[in-house]
Amino acid sequence: MPFDLGDAVRLRADCKSTVGTLTNATTVVLTITLPDGTTVTPSVTNPPASTGEYFVDYTTAQAGRHGVRWVFTTPSSAYTDMFDVRAAAPPLILSLADARQHLQFPAADTSHDEQMRGWLESVTELVESLCGPVVRRAVVEDHPIQRWGVTELALRRTPVLSITSAAGVLTGGASYDAADLTVDGNGILRRLDGGRMYGLLRVTYVAGRSVVPANLSSAAKIILQHLWRTQYGASRALSGLGGGEDFAVTEPIAGFGYAIPNRALQLMEPHRLPPGVA
């Protein structure tokens, strides 16, 4: 279960003797490897009444995967773990409230909220892989251009909302002001004066949709409902979750196996990307 950026994560480990008895160690070192490759070694707490039990409340400062390594001496023992931290604003096609309502959870039942949030991230990835970015986000990508230049540059993530910058990467390379560029919804970048662009360009732009089409939101709800069924055993009745042959996905979608029901695919069809476009 990922944590939110800024959360305090409680990390715990037990030190045991060779016969499995909880024992206080002479020394304890906790090393956390951060997503950027650096490490921190926070102070470890061992409550007086908790022999052999150690913990740290670590406040997260970076998004990404964190490695956890406990090392005890006298007795010698070690323990390795990890945890993930979400970005500050992960792209989500649906709100948690929308998800809870669609799955028909009572307002007072929040016991599955964290699981739901994880599934919402997965559902967003599925919809966007077929229809392009739905949630607004900044995109940075490099475009090598032939030495004779081009009048049009196809950006890779569509639809595109606006251009932020187009800067030369190499020393002495040409850069272009955003005010002198235009881009259409299909991601075709041009100079307003019709001139050519040259060099290796690092283009920063905003992709996504200002208004999320209702059929994409509906498709996301159906996919969420379909994937949520993995929380239930095969013997449990699924009529309340919209069972039926369509949810069996007897003809899997290429590249997605059985993750996307046919009815969701049909809802997304008007916004599907052309073949070869990601």
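Now for a look at the structure at hand.

Quick notes on the rules
Residues numbered from 1 in each chain as written. Predicted model: local features only at pLDDT ≥ 70, side-chain atom pairs only at ≥ 80, totals over all residues. Heavy atoms only, no water. Helix = DSSP H or I, 4+ residues; strand = E, 2+ residues; numbered from the N terminus. Expected span 1.5 Å × (residues − 1). Buried < 20%, exposed > 50% of the residue type's maximum accessible area, 1.4 Å probe, protein only. Contact = heavy atoms within 4.5 Å. Pairing = 2+ DSSP bridges. Salt bridge = Lys/Arg side-chain N within 4 Å of Asp/Glu carboxyl O.

### Considering helix H3 (residues 214-228)
For H3, which comprises 15 residues, the first-to-last C-alpha distance of 21 Å matches the rise-based estimate of 21 Å (1.5 Å per residue) to within 8%. Where burial is concerned, most of H3 is hidden: twelve out of the 15 residues are buried. Within the sequence span of H3, burial applies to Asn215, Leu216, Ser217, Ala219, Ala220, Ile222, Ile223, Leu224, Gln225, His226, Leu227 and Trp228. In this fold, the buried residues of H3 make contact with helix H1 (96-102), helix H2 (113-131) and helix H4 (262-268).

### What about the pairing of strand E11 (residues 188-191)?
Note that strand E8 (residues 153-154) and E11 share two bridges and pair antiparallel. Bridged to alanine 154 within E11 is isoleucine 188. Relative to E11, strand E10 (residues 181-183) runs antiparallel, the two being bridged by three bridges. Note that in E11 the partner of leucine 181 across the bridge is arginine 191. If you look at the hairpin formed by E10 and E11, you'll find four residues sitting between the two strands, and glycine 187 has a positive phi there, around 85°.

### Describing the sheet that holds E11
Read from one edge to the other, the open sheet built from three strands follows the order E8-E11-E10, with strand pairing classed as antiparallel. Only two strands of the sheet have a single neighbouring strand rather than two, namely E8 and E10.

### A few points about the pattern of salt bridges
This structure, assessed with the given rule, holds 15 salt bridges. Between arginine 86 and glutamate 121 there is a salt bridge whose closest N-O contact spans 2.6 Å. You can see arginine 86 sitting in the loop between strand E6 (77-85) and H1 and its partner glutamate 121 sitting in helix H2, a full 35 residues away along the chain. Relative accessible area serves as the criterion here: at 4%, arginine 86 is assigned to the buried category. Accessibility expressed as a relative area gives 22% for glutamate 121, which makes it partly exposed. Across the pair aspartate 184 and arginine 190 runs a salt bridge whose closest N-O atoms are separated by 3.7 Å. For arginine 190, a relative accessible area of 29% corresponds to the partly exposed category. Each member of the salt-bridge network shares a partner with another, and the members are Asp4, Arg86, Glu114, Arg117 and Glu121.

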